[in-house]
Amino acid sequence: MTFNSISFIFLFLPVVLILYGLLKGETKKLIVLLVMSLLFYAWGNPAYLLLLLFSIAFNYLTGLEIGEWRENGCEKRAKAAMIAAVCVNLLLLGYYKYTGFLLSIFHIKVKGPDLPIGISFFTFSVLSYVFDVYQKKTKPQRNILKFAVYVSFFPKISQGPIAEYRDLEDQLTGHPVTREQISDGSRLFLIGLFKKVLIADGLGSAMASVQALPQMASATAWLGMIFYSLQLFFDFAGYSDMAIAISEMLGFKIKKNFNYPYCSESMSDFWRRWHISLGAWFRDYVYIPMGGNRCSKKRQIWNLAVVWFLTGLWHGASWNFILWGLYHGALVLLDKFVVGKAFRKLPLAVRISVTTLLAFFGWIFFFTPTLGDAASWVAQMFGSAGLGFWNQTTTYYLRQNLLLLVLGFAFSGPFLGEKFESVTIGSSRLKKGIYLGSYTFLLLLCIADMISNSYSAFLYFKF
């Protein structure tokens, strides 16, 4: 089940909100959240529900063990328990996500197991809990119901954002929900649905059509790169908006995961705006423990290289993702140690344009399955197909998708959203009417598109 399905919007979500609102008492509300979260997770493939339940039970008990050893002053045993938990979690993630890739390195052609939905996300969630307990940043959670809700919470289980345990710990006790939260959450959910259904899915159809071409003129290959870059942003940002919105309607506050990344002024700035929760996780649990910036320049470079290698590997089991991670790591290192000062002296429009182009170029490694395919796509961008820079096919795809491109670039920044809020947010009847009418119309457009077009999964489900 996904957020952009009719069954979720008109059946699952209303049932959750009604039960959650009617039942009184913290325990009853937590039981509703847990049962509905497990149902949500098991909807697509019930077989992997056992894996999720194992992760919940194992890490709950490990947290208690680490806490007990630390209270008794047995630091070595606490450290051993932490290391064992990390190994078990990473081995499970590695088995499901990287088996096929690792075997292929040794030219063993064996298909790896199917990837459980959300395993990359809930594994990082439980690891944040284990690390926080070991580092005494939080106390072990003794209420297994609360811990189970933290791990399986359905808005974030399948595609994030990756909520670190200490950010949700206090919110697991008491769940007041106000009218403002319901209103704000509903509005943000519609915005996310709009990004996914009306922009990302349309761009996805255009990109699929371009990818099916046997050869392309240079401009067509560039256009395909742009299609995918905008699609990926609106697909993932749309999901994140909906996840944060649903959480808010249930009384939970999850941090923003995107902050207009295609308005970034440098690659370092880009990674402060794109997939913020993943960057924060690697910063808190990998980069800083390795020494972060508080070490020699040589060590800083090594720390960043490790983080970016792991960031690429986290996204997928292929050389493409590893090279993508190293590509971004190299750009961040260049910005930090080589060209940063000079680059910041350039006009703002130039800095944003260059940064966006570099980010777009990197996504080629995402939508091509192999390094050879990526190289072939780049080569066609520079004329290797022998079809010239522009041809009738380029004109066709540009005309057919011009509105989507305009919407994509326009909504990649904050300007239109801020202008719309200035017109609709207020106490006057006119503003309230415009607000209600606009979002009702947006909902109807999304529903009509969902009914008329085939279902489209979120891109980050496969990560």
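## Structural notes on helix H20 (residues 402-410)
Listed as buried for H20 are Leu404, Leu405 and Gly408. Along H20, the residues classed as buried sweep out an arc of 100° about the axis, all on the same side. Where H20 is buried, its residues meet helix H9 (179-211), helix H10 (218-249) and helix H19 (392-400).

## Observations concerning the side chain of Arg70
Secondary-structure assignment places Arg70 in helix H3 (residues 49-71). Among the residues examined, Arg70 registers a relative accessible area of 17% and is labelled buried. Non-local contacts of Arg70, meaning those with residues more than four positions away in its chain, are made with Glu75, Ala78, Val133, Tyr134, Gln135 and Lys136.

## Digging into a nonpolar patch on the surface
On the surface, a nonpolar cluster with roughly 910 Å² of combined accessible area is contributed by Leu102, Ile105, Phe106, Ile108, Val110, Phe309, Trp319, Leu323, Leu326 and Leu371. Mapped by element, the contributors of at least two residues to the nonpolar patch are helix H4 (75-105) and helix H14 (319-337). Considering every element that reaches the nonpolar patch, the biggest residue donor is H14, with three residues. Note that Leu102 resides in helix H4.

## Some points on the environment of Phe12
If you trace the backbone, Phe12 turns up in helix H1 (residues 6-22). A relative accessible area of 4% places Phe12 in the buried class. Note: C-alpha distance between Phe12 and Ser158 (146 residues apart in sequence) is 16 Å. When residues no more than four places from it in sequence are discounted, the contact partners of Phe12 are Met1, Ser7, Met36, Leu39, Phe40 and Phe154.

## What about the pattern of salt bridges?
The full count for this structure, using the stated rule, is 15 salt bridges. Of the charged contacts in the structure, one is a salt bridge between Arg166 and Asp284, with a shortest N-O distance of 3.5 Å. A residue pair is termed long-range when its members are at least 10 positions apart, and Arg166 in helix H8 (residues 165-168) and Asp284 in helix H12 (residues 276-287) qualify at 118 residues. Its salt-bridge partner being Asp284, residue Arg283 comes within 2.9 Å of it at the nearest N-O pair. For Asp284, a relative accessible area of 11% gives the class buried. Bridged by salt links that share partners, the residues Asp132, Glu164, Arg166, Arg283 and Asp284 form one connected network.

Quick notes on the rules
- Residues numbered from 1 in each chain as written.
- Predicted model: local features only at pLDDT ≥ 70, side-chain atom pairs only at ≥ 80, totals over all residues.
- Heavy atoms only, no water.
- Buried < 20%, exposed > 50% of the residue type's maximum accessible area, 1.4 Å probe, protein only.
- Helix = DSSP H or I, 4+ residues; strand = E, 2+ residues; numbered from the N terminus.
- Arc of directions from axis to C-beta.
- Contact = heavy atoms within 4.5 Å.
- Patch = residues over 30% accessible without salt bridge, like charges linked within 9 Å, V, L, I, M, F, W, Y side chains within 5 Å.
- Areas by Shrake-Rupley, 256 points an atom, 1.4 Å probe, with all protein chains shown as cover.
- Salt bridge = Lys/Arg side-chain N within 4 Å of Asp/Glu carboxyl O.

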